[in-house]
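Overview (structure and organization)
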Amino acid sequence: MDEMSYCSFSGGEVYKNHFLPGIYVCSECGHKLFSSMSKFEHSTPWPAFSQTIHEDSVTKHPEAWGPLKVLRFDEPFLMLISQVSCGKCGNGLGHEFLYDGPKEGLSRF
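Being a predicted model, the structure only gives us computed values, none of them experimental.

**Comments concerning the overall build of the protein chain**
- Of regular secondary structure, the protein chain possesses zero helices and eight strands.
- Tracing the protein chain from N to C terminus, the helices and strands come up as β-β-β-β-β-β-β-β.
- Expressed as a percentage of its 109 residues, the buried residues of the protein chain come to 39%.
- Within the protein chain, contacts between residues separated by at least 24 positions form 38% of all contacts whose residues are at least 6 apart in sequence.
- Element-wise, carbon and sulfur atoms account for 54% of the exposed surface of the protein chain, whose accessible area totals about 6,800 Å².

Written out as structure tokens, the structure is:
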């Protein structure tokens, strides 16, 4: 399996459409973050994952109720957003969007 550096965005994310087996690691310290098995297609310009490799892979900091999203029957709701950083070095990785994963009840990282 290959190891891919996650979240080193600089004008384009090279792993957005990358679906080969592997482990995504922190671009700063190499800490294991996500498995390609939890990766899914999403409309954002970054790779999307439904879960971390280990419970301590990332640190989450609840941020706020965030953007409006439309569900079935066009019922809007507010989703909870958390800032996410590497569980080892604290490198900023983006956000976790609760209940925005590929299946009901899963998050999107």
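**Considering the environment of threonine 59**
- If you trace the backbone, threonine 59 turns up in strand E6 (residues 58-70).
- Taking the C-alpha atoms as reference, threonine 59 lies 9.8 Å from asparagine 91; in sequence the two are 32 residues apart.
- With near-sequence residues (within four places) excluded, threonine 59 lies in contact with Gln83, Val84, Ser85, Cys86 and Gly87.

**Looking at the pattern of salt bridges**
- Scanning the entire structure with this criterion turns up two salt bridges.
- In this structure, the salt-bridge partner of lysine 60 is glutamate 96, at a minimum N-O distance of 3.5 Å. Here glutamate 96 lies in strand E8 (residues 92-97) and lysine 60 lies in strand E6, a separation of 36 residues in the sequence.
- When its relative accessible area of 43% is taken as the criterion, lysine 60 is described as partly exposed.

**Considering the environment of valine 14**
- Within the secondary structure layout, valine 14 lies in the loop between strand E1 (2-6) and strand E2 (22-26).
- Judged by relative accessible area, valine 14 falls into the exposed class, the value being 66%.

**Observations regarding unusual backbone geometry**
- You will see that tyrosine 99, though not glycine, has its phi angle at about 65°, which is positive.
- Mapped onto the fold, tyrosine 99 is located in the segment after E8.

**Some words on the packing of aromatic side chains**
- Evaluation of the coordinates by the stated rule reveals three aromatic pairs.
- Taken together, a centroid distance of 4.8 Å and an interplanar angle of 65° make the contact between tyrosine 24 and phenylalanine 49 edge-to-face. Of the two residues, tyrosine 24 is situated in strand E2 and phenylalanine 49 in strand E5 (residues 48-49); the sequence distance between them amounts to 25 residues. The two residues tyrosine 24 and phenylalanine 49 agree in class, both being buried.

Rules and cut-offs
- Residues numbered from 1 in each chain as written.
- Predicted model: local features only at pLDDT ≥ 70, side-chain atom pairs only at ≥ 80, totals over all residues.
- Heavy atoms only, no water.
- Helix = DSSP H or I, 4+ residues; strand = E, 2+ residues; numbered from the N terminus.
- Buried < 20%, exposed > 50% of the residue type's maximum accessible area, 1.4 Å probe, protein only.
- Contact = heavy atoms within 4.5 Å.
- Areas by Shrake-Rupley, 256 points an atom, 1.4 Å probe, with all protein chains shown as cover.
- Salt bridge = Lys/Arg side-chain N within 4 Å of Asp/Glu carboxyl O.
- Phe/Tyr/Trp six-rings, centres within 6.5 Å; stacked < 30°, edge-to-face > 60°.

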